[in-house]
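# Descriptive analysis of the structure
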Amino acid sequence: MSDVPTVFFLDWDVDYDQVKDTFLFFRLEQYLVETGGYAWIRRSPHGNTHVMVLLPFHLNTLEVFMARAYLGDDPFRIALDLKRMREGGAYDRLFDTKVVNGKTLHAGEWVAI
């Protein structure tokens, strides 16, 4: 394994205020223990949960997609990211802001777990 760290993001369709009571959160905590990784969460612009994962070692692209799936990333997001990657576009991104019905919604600050 390379000592180059890996960062990837998850988009959970789980209310931010309830996330710590979910199986997804429990699985993430176990994954971090097993890998020696770190994670941060924030409220998405719609009130759900964004997760940033930092691993102290390198994962290749396929391994990152597998980790995202294992950790419950939105399957539709994964499918779109695979398409973007194949087409040479940017992928594994989360929105900091979204405009809905003319109203700008902002994501919260990252909080370590």
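Quick summary incoming for the structure in this document.

Parameters and conventions
In this numbering scheme, every chain counts its residues from 1 along its sequence in written order. With the structure being a predicted model, the display of local features is reserved for residues of pLDDT at least 70 and the display and counting of side-chain atom pairs for 80 or more, all residues being used for whole-chain, interface and lining totals. Side-chain descriptors were evaluated using all non-hydrogen atoms of the structure, hydrogens and water having been removed beforehand. Take the buried residues of types Ala, Val, Leu, Ile, Met, Phe, Trp, Tyr and Cys, join any two whose side-chain atoms come within 4.5 Å, and each joined set is a nonpolar core. Residue burial is assigned from relative accessible area. The probe radius is 1.4 Å, only protein chains are included, and a residue is buried under 20% of its type maximum, exposed over 50%, and partly exposed in between. Working definition: helices are DSSP H or I runs of at least four residues, strands are E runs of at least two. Numbering for both runs from the N terminus. By definition in these notes, contact holds between two residues if any of their heavy atoms fall within 4.5 Å. If DSSP finds at least two bridges between two strands, the strands pair. Relevant arc is that of directions from the helix axis to the C-beta atoms, nothing else. Definition of a polar contact: a pair of N or O atoms within 3.5 Å, with one able to donate and the other able to accept a hydrogen when the atoms are protein atoms, and with sequence-neighbouring residues admitted only if both atoms are side-chain atoms. The distinction between a cavity and a pocket rests on a 1 Å grid over the protein atoms alone: a 1.4 Å probe fits inside a cavity but cannot get out, while a pocket stays open yet meets protein on both sides within 12 Å along at least five of seven lines, and a residue with an atom within 4 Å of a point counts as lining. Grid points are joined across faces, edges and corners, and a volume is the space filled by probe spheres set on the points. In this count, Pro and Cys sit with the nonpolar residues alongside Ala, Val, Leu, Ile, Met, Phe, Trp and Tyr, while Asp, Glu, Lys and Arg are called charged and the others, Gly among them, polar.

### Comments concerning the nonpolar core
Core analysis: the biggest nonpolar cluster contains 20 residues, and Phe8, Trp12, Leu28, Val51, Val53 and Leu59 have the highest contact counts within it. Of all the secondary-structure elements, those providing two or more residues to this core are strand 1 (6-12), helix 1 (23-35), strand 2 (38-43), strand 3 (49-55) and helix 2 (61-70). The element contributing the most residues to this core is helix 1, with 4 residues. For Val51, the residues in contact, after removing those within four places along its chain, are Phe8, Phe9, Leu10, Trp12, Leu28, Ala39, Trp40, Ile41, Leu94 and Trp110.

### So, the sheet that holds strand 1
One open sheet accounts for 4 strands, arranged 1-3-2-6; its pairing is antiparallel. Where the open sheet ends on each side, the last strands, each with one partner, are strand 1 and strand 6 (111-112). Relative to strand 6, strand 2 runs antiparallel, the two being bridged by 2 bridges. Among the inter-strand pairings, Ile41 is bridged to a residue of strand 6, identified as Val111.

### Describing helix 2
Those residues of helix 2 not exposed but buried are Val64, Phe65, Ala67 and Arg68. For helix 2, the angular spread of buried residues about the axis comes to 160°, placing them on one side. For helix 2, exposure combined with an orientation more than 90 degrees from the buried face picks out Leu62 and Met66. Taken together, the buried residues of helix 2 touch strand 1, helix 1 and helix 3 (75-86). The residue sitting at the N-terminus of helix 2 and contributing the capping side-chain oxygen is Asn60; that oxygen lies 3.1 Å from the backbone nitrogen of Leu62.

### Looking at the layout of surface pockets
In this structure, the largest pocket occupies an estimated 440 Å³ of space. Together, 20 residues line the largest pocket, and Asp11, Arg77, Arg93, Phe95 and Lys98 are the ones closest to its centre. Here the residues of the lining of the largest pocket are counted per class, giving 7 nonpolar, 4 polar and 9 charged.

### What about unusual backbone geometry?
Glycine aside, a negative phi is what most residues show, and trans is what most peptide bonds show. The phi angle at Asp92 is positive, at roughly 60°, despite the residue not being glycine. Inspection of the secondary structure puts Asp92 in the loop between helix 3 and strand 4 (97-100). Residue Asn101 is not a glycine yet carries a positive backbone phi of 50°. Relative to the assigned elements, Asn101 resides in the loop between strand 4 and strand 5 (103-106). On the accessibility criterion, Asn101 (81% relative accessible area) is exposed.

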